[in-house]
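# A look at the structure
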Number of protein chains: 4
Amino acid sequence: MFNQQYKECIQACLECMEACNVCYSACLKEENIGMMTNCIRLDRECADICSFAAKAMQTNSPFAEQICKLCAEICEACGKECEQHEHEHCTKCAESCFRCAEACREMAS
Amino acid sequence: MFNQQYKECIQACLECMEACNVCYSACLKEENIGMMTNCIRLDRECADICSFAAKAMQTNSPFAEQICKLCAEICEACGKECEQHEHEHCTKCAESCFRCAEACREMAS
Amino acid sequence: MFNQQYKECIQACLECMEACNVCYSACLKEENIGMMTNCIRLDRECADICSFAAKAMQTNSPFAEQICKLCAEICEACGKECEQHEHEHCTKCAESCFRCAEACREMAS
Amino acid sequence: MFNQQYKECIQACLECMEACNVCYSACLKEENIGMMTNCIRLDRECADICSFAAKAMQTNSPFAEQICKLCAEICEACGKECEQHEHEHCTKCAESCFRCAEACREMAS
């Protein structure tokens, strides 16, 4: 089994991955898409690193901590972008991003 | 939000991904590793396609159904390999694989 | 070493992945982004499955043929979308997609 | 188009990804597999981060440099493991890993 200390952080990564994937797909349908381009890009970056970090922890990768440290930075950037928009999917995504950034920082420390 | 019909299948994919990642990592530490090579290989194939399928559903991909159909086949193959071994991680993994195969088949039909 | 019959198809997948990644990034900066949403989405789907297919062939996956069959379908869809746009990155991407679709179909047959 | 300074580093990542995928698959068939477990694990870590880094550069990700910095560390670790083995796939893989580590360090600096 993977390190039990990772459990909460894996959960945070999987929730953030889902929120970012949902936000990405919803942004592509927004009327004001011209304002959503950074959000679309960062949603993809963030969903992909969260997925990568979850895999690293679930497989007890020797690089899990460094990967989570990077994941925290990307989550932070995505959260800061998402919280600037009023769409419900962005607000939710920002919350998940900040929660995941916090969990990844703790895990990596 | 993603298609609510996908919810159960996404959950099954994420659980199978975790079980396969855990089984992969545990197999690499088994003493009888010479007998675990197919299991190691299929665990990786299965964890990776489950992750891919979850992303497809969470982003409402137009190819979600075809991806889940392929995921069902790979889960089935991984489950059949895992159930031949008595390690607890293999037994658990086989169960998750068969559950996920079923969920993916239903989703794709 | 991987199956030498795969060599050309791996190359086509890696070129298509690059063309789709470049087109995705360029589309996000286009002024007429409202018309590029399907292109953005399909570029990501296509880049990701091409990467997945290349890995499958390079590791001699028992599922390489099924994965390439799916890859051909996604490349075809991405190519058809891209060829409708006059941006140079879209034109180039469409060419790479159709070439990769062809290589994947041959490989899977 | 992506930043042309990235071109050489992308190439190094794609070559390293291929070498690691080939080495992973070949290690799983070696008779002395009990000695290859670290190699199998690191091949997967390294192939996956190289793929991730190539995508980051090809899409002009704002995190491309941090991702390449992490990629350099993982390539270095994989190269050090691979160079301890005499299998031809390991020797070749070690060379690709060290070349990629160097390219990623330069790119990130």
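Just above, that's the structure.
Residues numbered from 1 in each chain as written. Chains lettered and ligands numbered in written order. Predicted model: local features only at pLDDT ≥ 70, side-chain atom pairs only at ≥ 80, totals over all residues. Heavy atoms only, no water.

### Remarks on the packing of helix H2 (residues 37-58) of chain C against helix H3 (residues 64-82) of chain C
All names here are of chain C. Heads up, the rule is: Every angle, taken between N-to-C directions, lies between 0 and 180 degrees, and every axis is a line fitted to C-alpha atoms, over only the stretch in contact when it is a helix. Strands are runs of DSSP state E lasting at least 2 residues, helices are runs of H or I lasting at least 4, and numbering of each runs from the N terminus. Every angle not falling under 35 degrees, over 145, or within 65 to 115 is termed oblique; those three ranges are roughly parallel, roughly antiparallel and roughly perpendicular. A crossing counts as left-handed when the near helix is turned anticlockwise from the far one by less than a right angle, and as right-handed when that turn is clockwise. Whether two residues touch is decided by their heavy atoms; if any such pair falls within 4.5 Å, the residues are in contact. Under the grouping applied here, Gly and all other residues not named as nonpolar or charged are polar, the nonpolar ones being Ala, Val, Leu, Ile, Met, Phe, Trp, Tyr, Cys and Pro and the charged ones Asp, Glu, Lys and Arg.
Interhelical geometry of H2 versus H3 gives an angle of 155° and a closest axis separation of 9 Å. One finds that H2 runs roughly antiparallel with respect to H3. As for how H2 packs across H3, the hand of that crossing is left-handed. Counted together, Asn 38, Cys 39, Leu 42, Asp 43, Glu 45, Cys 46, Ile 49, Cys 50, Phe 52, Ala 53, Ala 56 and Met 57 of H2 and Ala 64, Ile 67, Cys 68, Leu 70, Cys 71, Ile 74, Cys 75, Ala 77, Cys 78, Glu 81 and Cys 82 of H3 form the full contact between these two elements. Each residue belonging to the contact of H2 with H3 can be placed in one class, and the counts come to 19 nonpolar, 1 polar and 3 charged.

### Structural notes on the interface of chain A and chain C
The line we're drawing: Buried area: the accessible surface (1.4 Å probe) lost by two parts on joining, summed over both. Salt-bridge detection follows one rule: a side-chain nitrogen of Lys or Arg within 4 Å of a carboxyl oxygen of Asp or Glu.
Taken together, the contacts link 9 residues of chain A with 9 residues of chain C. Between chain A and chain C the total buried area reaches about 860 Å² when both faces are included, carbon and sulfur atoms providing 63% of it. For the pair chain A and chain C, the interface holds 0 salt bridges. Of all the secondary-structure elements, those providing two or more residues to the side of chain A that touches chain C are helix H1 (7-27) and helix H2 (37-58) of chain A. Looking at the side of chain A that touches chain C element by element, the count peaks at 4 residues for H2(A). Of the residues contributing to the side of chain A that touches chain C, the split by class is 4 nonpolar, 3 polar and 2 charged.

### Re the environment of Leu42(D)
Within the secondary structure, Leu42(D) sits in helix H2 (residues 37-58). For the pair Leu42(D) and Gly79(D), spaced 37 residues apart in sequence, the C-alpha separation works out to 8.9 Å. Other than its neighbours up to four places away in sequence, Leu42(D) contacts Phe63(A), Ala77(D), Cys78(D) and Glu81(D).

### Focus: the relation of the copies chain A and chain C
Our working rule: Alignment of copies: least-squares fit on C-alpha atoms of residues with pLDDT of at least 70 in both copies.
The two copies are related by a screw motion: chain A maps onto chain C through a turn of 180° and a shift of 0.0 Å along the axis, at an RMSD of 0.0 Å. Overall, the copies show the geometry of a two-fold rotation axis. Most of the interface of chain A is mirrored in chain C: 100% of its interface residues are interface residues there too.

### Overview of the interface of chain A and chain B
What counts, and what does not: Between N or O atoms, a polar contact is any pair within 3.5 Å; within protein, one atom must be a potential hydrogen donor and the other a potential acceptor, and residues adjacent in sequence are included only when both atoms are from side chains.
Taken together, the contact pairs 18 residues of chain A with 18 residues of chain B. Carbon and sulfur atoms supply 56% of the area buried between chain A and chain B, which totals about 1500 Å² over both sides. The largest per-residue losses of area from chain A upon contact with chain B belong to Glu18(A), Gln58(A) and Thr59(A), which jointly make up 32% of the total buried on that side. Our count for the contact surface shared by chain A and chain B stands at 0 salt bridges. Taken together, the links from chain A to chain B amount to 7 residue pairs in polar contact (both at pLDDT 80 or more).

### Quick word on the packing of aromatic side chains
For clarity, the cut-off: Two rings belonging to Phe, Tyr or Trp (six-membered ring only in the last case) form a pair when the distance between their centres is within 6.5 Å. Interplanar angles under 30 degrees mark stacking, angles over 60 mark edge-to-face geometry, and anything in between is tilted. In this scheme, a residue with accessible area under 20% of its type's maximum is buried, one over 50% is exposed, and one in between is partly exposed, where area comes from a 1.4 Å probe on protein chains only. To sit over a ring, a charge needs its Lys NZ or Arg CZ within 6 Å of the ring centre and within 35 degrees of the ring normal.
All told, the structure shown has 2 aromatic pairs over all chains when counted by the stated rule. Measuring from centroid to centroid gives 4.8 Å for Phe52(B) and Phe52(C), while their planes differ by 45°, and the two rings are tilted. A residue pair is termed interchain when its members come from two chains, as with Phe52(B) in helix H2 (residues 37-58) and Phe52(C) in helix H2. Side by side, Phe52(B) and Phe52(C) carry an identical accessibility label, which is buried. Positioned above the aromatic ring of Tyr24(A), the side-chain terminus of Arg44(A) is 4.7 Å from the ring centre.

### Topic: the pattern of salt bridges
Overall, the coordinates contain 21 salt bridges over all chains when judged by the stated rule. Between Asp48(A) and Lys55(D) there is a salt bridge; the shortest N-O distance is 2.8 Å. Of this pair, Asp48(A) sits in helix H2 while Lys55(D) sits in helix H2, each in a different chain. Residue class for Asp48(A) comes out buried when judged on its relative accessible area of 12%. Taken together, the shared-partner salt bridges connect Arg44(A), Asp48(A) and Lys55(D) into one network.

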